Amino acid sequence: MSATLDTNTAVKPIHHWIGGEIYQGQSGRSGAVYNPATGQQTGEVAFATIEEIDHAVQTAKAASAAWRATSLGRRAELFFKIRELFHAHREDIAKLLTAEHGKVLSDAMGEVTRGLEVIEFCCGLPTLLKGSMSEQVSNGVDVYSLRQPLGVVAGITPFNFPAMVPMWMWAPALATGNTFVLKPSEKDPSASLLTAELLKEAGVPDGVFNVIHGDKVAVDALLEHPDIAAVSFVGSTPIAKYVYETATSRGKRCQALGGAKNHMIVLPDADIDMAADAAISAAYGSAGERCMAISMVVAVGGVADELVTAIKSRIPGVKVGNGMDPTSEMGPLVTREHRDKVASYVERAGGEGATVVVDGRESAPAGDGFFLAPSLIDHVKPGMANYDDEIFGPVLGVTRVDTYEQAVGLVNSNPFGNGVAIFTRDGGAARQFQFDILAGMVGINVPIPVPVAYYSFGGWKASLFGDRHIYGPEGIDFYTRSKVVTSRWPDPATSKIDLGFPQTR
Ligand code: NAD
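Fair warning: this is a prediction, and the values are worked out from it, not measured in the lab. (Residues numbered from 1 in each chain as written. Predicted model: local features only at pLDDT ≥ 70, side-chain atom pairs only at ≥ 80, totals over all residues.)

*Asks:* So what exactly am I meant to see when it comes to the packing of helix α3 (residues 90–100) against helix α4 (residues 105–122) here?
*Replies:* Two measures define how a pair of helices packs: the angle their axes make with one another and the distance between the axes. Two elements in contact, α3 and α4, have axes whose closest approach is 8 Å; the angle formed by their N-to-C orientations is 125°. For the element pair α3 / α4, the angle class is oblique. For the element pair α3 and α4, the recorded crossing hand is right-handed. Here R90, E91, I93, A94, K95, L97 and T98 of α3 lie close against α4, whose contacting residues are L105, A108, M109, E111, V112 and T113. Of the residues in the contact of α3 with α4, the class split is seven nonpolar, two polar and four charged. (Axes fitted to C-alpha atoms, helices over the stretch in contact; angles between N-to-C directions. Helix = DSSP H or I, 4+ residues; strand = E, 2+ residues; numbered from the N terminus. Parallel < 35°, antiparallel > 145°, perpendicular 65-115°, else oblique. Left-handed = near helix turned anticlockwise from the far one by under 90°. Contact = placed C-beta atoms within 7 Å. Nonpolar A, V, L, I, M, F, W, Y, C, P; charged D, E, K, R; others polar.)

*Asks:* What is the right way to read the sheet that holds strand β19 (residues 419–423) from this model?
*Replies:* Remark on secondary structure: sheet strands pair via backbone hydrogen bonds, oriented parallel or antiparallel. Strand order in the open sheet formed by seven strands is β15-β16-β17-β14-β13-β19-β20, with mixed pairing between adjacent strands. Where the open sheet ends on each side, the last strands, each with one partner, are β15 (355–358) and β20 (441–444). Averaged over neighbouring strand pairs, the angle between their axes works out to 20° when direction is ignored. Relative to strand β16 (residues 375–378), β15 is paired through three bridges, and the arrangement is antiparallel. Across the sheet, the residue bridging to T355 is D378, located in β16. Each of β15, β16 and β17 (395–401) is contacted by helix α12 (residues 336–349), which is oriented at about 40° to β17, the strand it contacts most. Set on the sheet, helix α14 (residues 404–413) makes contact with β13 (262–266), β14 (294–300), β17 and β19; between it and β14 the angle comes to about 160°. (Pairing = 2+ DSSP bridges.)

*Asks:* So what exactly am I meant to see when it comes to the sheet that holds strand β6 (residues 133–138) here?
*Replies:* The sheet built from three strands is open, its strands ordered β6-β7-β23 with antiparallel pairing. Every interior strand has two partners, whereas the edge strands, β6 and β23 (480–488), have only one. Strand after strand, the sheet turns through a mean of 30° between neighbouring axes, direction not considered. Here β6 pairs with strand β7 (residues 141–149) via three bridges, running antiparallel. When the bridges of β7 are listed, M133 appears paired with Y144.

*Asks:* I'm lost on the nonpolar core in this one. Help?
*Replies:* A general feature of soluble globular proteins is that nonpolar side chains tend to end up buried together. Among the nonpolar cores identified, the biggest contains 163 residues, and L222, V231, V266, A279 and V297 are the most heavily contacted of them. Of all the elements, helix α6 (residues 164–175) adds the most residues to this core, at 10 residues. Looking at which domains feed residues into this core, each of domain 1 (9–258 + 463–484) and domain 2 (262–444) supplies at least three. (Core = buried A, V, L, I, M, F, W, Y, C linked by C-beta atoms within 7 Å. Buried ≥ 20, exposed ≤ 12 C-beta atoms within 10 Å, placed from the backbone. Domains from an automatic or database assignment.)

*Asks:* Help me understand the site of the ligand in this model?
*Replies:* Contacts to the ligand come from 27 residues, most closely from P158, G235, S236, G259 and C291. Residue composition of the shell around the ligand, by class: 12 nonpolar, 10 polar and five charged. In terms of domain composition, the shell around the ligand takes at least three residues from each of domain 1 (9–258 + 463–484) and domain 2 (262–444). (Near = placed C-beta within 6 Å.)

*Asks:* Explain the domain arrangement of the protein to me, please; I cannot follow it from the model alone.
*Replies:* Frequently, the measure chosen for interface size is the accessible area that the parts lose on association. Domain boundaries in the protein define domain 1 (9–258 + 463–484) and domain 2 (262–444). If you look at the interface, domain 1 gives 17 residues, while domain 2 gives 23 residues. In terms of residue class, the side of domain 1 that touches domain 2 is made up of seven nonpolar, seven polar and three charged.

*Asks:* Just checking my understanding: could you explain α4 for this structure?
*Replies:* In an α-helix, one turn spans 3.6 residues, which is why side chains three or four residues apart end up on the same side. Its 18 residues place the ends of α4 26 Å apart at the C-alpha level, agreeing with the 26 Å of an ideal helix rising 1.5 Å per residue. Those residues of α4 hidden inside the fold are in contact with α2 (72–88), α3, α5 (125–128), α6 and α16 (472–478). (Expected span 1.5 Å × (residues − 1).)

*Asks:* Where do I start with the UniProt feature "domain: Aldehyde dehydrogenase" (unreviewed entry) in the protein in this structure?
*Replies:* Using the residue numbers shown here, the UniProt feature "domain: Aldehyde dehydrogenase" (unreviewed entry) corresponds to residues 26–485. Segment residues 26–485 splits into 40% helix and 22% strand. End C-alpha atoms: 47 Å apart. (UniProt positions renumbered as here; feature names shortened; annotations may be inferred.)

In C-alpha cells:
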C-alpha cells in the first residue's frame, strides 16, 4: 500500500515530493491536518523553507529539457496511462478527500470525475499543440507557428477541491511539456501526494511533477523564484490579487482565480419546485464550500414567499453527517475556525435587519466534528455582511427585487463575477440574460454551470486576475507560448544583398 493511503498511524507525517520520491522537510515548521467529521488531528504537514522550494524548482528545471523533448506520441501515451490509473484509483483519492476536507464520499467521487475529464482532454495533446502553416507567403517563403512550453511552472491551490483544482493545472501544464511544482492547501494535502505516486507509476519521469507543502513562506518563495515561468493560483480574492500582482511584477505569466458570490435569479414564471431543488443542491452541496456554490437567491416579482417556503420545507430533509456514511448528503466544514466564522454570519443576520428562517446552528450533529447544518436567511440586502461577504459555507441568503432589471443590476454591480444562474421558462428572457450579465460562467436553469473540460473555467471582475481562464483551450494557451518561423530554401546561386524591408508581393 502507498504511504499516502496508510491510515494506521494516529497522526501521520505528511512530507514533500521532489524528484520522484518523498522528501522529508527540515524546516521544523508544520501544520495540523484534521478529519473534520471527528475533529481529530490525523496528520502533520511539513512547511517548506525557501531552500527547499529552491530544491524543488531546481529539480523541476533539471527535468525540463528531457520532458519537453519527449515526443508528442509518448506524452500522449503517458496521459492515457495516467487516465487509466486515476480512474482505477478514483475511490482511493475520494476517500482521502473525505478524510481531510470532509465532503461526502459521493461528492468527492464527483470531484475526481470532473478532474478526470481534464486529464481526458489532455490525452488529445498532439492535436491541441498543432500549430498552423501558410505556404508561399512570398516567393519561396513559408510561415508556420509552433506552441512551445514555458519551462517550470507552479500551481498554488485551495482547500475546497484538493484533487480537481490541481488537475486543472498539472494536467495541461505537463501535457504541453512543462515541469511542475504544486503547492497544495495545507489543510488537506494528502491527495497531492497520491497524485504524485500515481504519476510516477504511470511513467512520468522523476522531477517532472513535484509537491511542496507550506504556507505564505512557500508561496512567496515560488512567486520570487527566477526559474518559475508561470503561476496558476486558485483561492480567495485577496490572496489571488496579491499572487497576481507579485508574480507579474517579477515578470511571470499568472492566472489567479479568486472568490465568488454567486446569485441565482428566479423569475416569476419559473417552476418553483425546480428552483427550490436547485437552490438546495447548489447552496448546501459540499457544505457550501464551492466557488460555484449559490449563496444568494434573487427572488423577482411575487415569487419570494412561495420560494422561501419551498426551500425551507426541503432543508430538514438534507442529511448532515460524516462523509463516509453513505446516507450523509452534506459533511462538516473544513476546520473549526471556518465553521465558527460561517456560524457568525447567522448570528449577526438578525442584527443586520435580515430574517433567519432556518438556523443551522440548532440542528448540527453533536460531537467534536466541525458541523453546521443548512441555514436560510431572508430579506438580505447589499450593505449587510451576509450579502457583501463570501461566506463559503451552508448559508443561503434570499434577496427580493421587483424587476428583472433590478436583479441584473445586483449581479452586475457585485465585485465578484464567477458564476450566475437564472431560472425561468422564458427563452427570450434567458437569452437576454446571457447578453446582459457580467459574469464568466452562466447557467440557464443550471445552478452550478462549471464548464466541461473542453471549454475553459473562469470568472470576471474580482473572481479572476489575469487574461486567461483555466483548463480547456485557454489552459493550453496559458502554458505555452507561440513562436512563428519564416523559412525559405533558395538556390544559393540566386543570393544577393537587399537592404529594403522584406516585401510579400
Ligand atoms: P486561500 O486563499 O486561503 O488559500 C489558497 C492558497 O493560498 C493556499 O494554498 C494557501 O496556502 C495560500 N495562502 C493562504 N494565505 C496566503 C498568504 N497570505 N500569502 C500567500 N499564500 C497564501 O483559499 P482557501 O480558503 O484555501 O480556498 C477557498 C477560497 O478559494 C474561496 O474564496 C473560494 O471561492 C476560492 N476558490 C475559487 C475558485 C475559482 O475557480 N475561482 C475555485 C475554488 C476555490
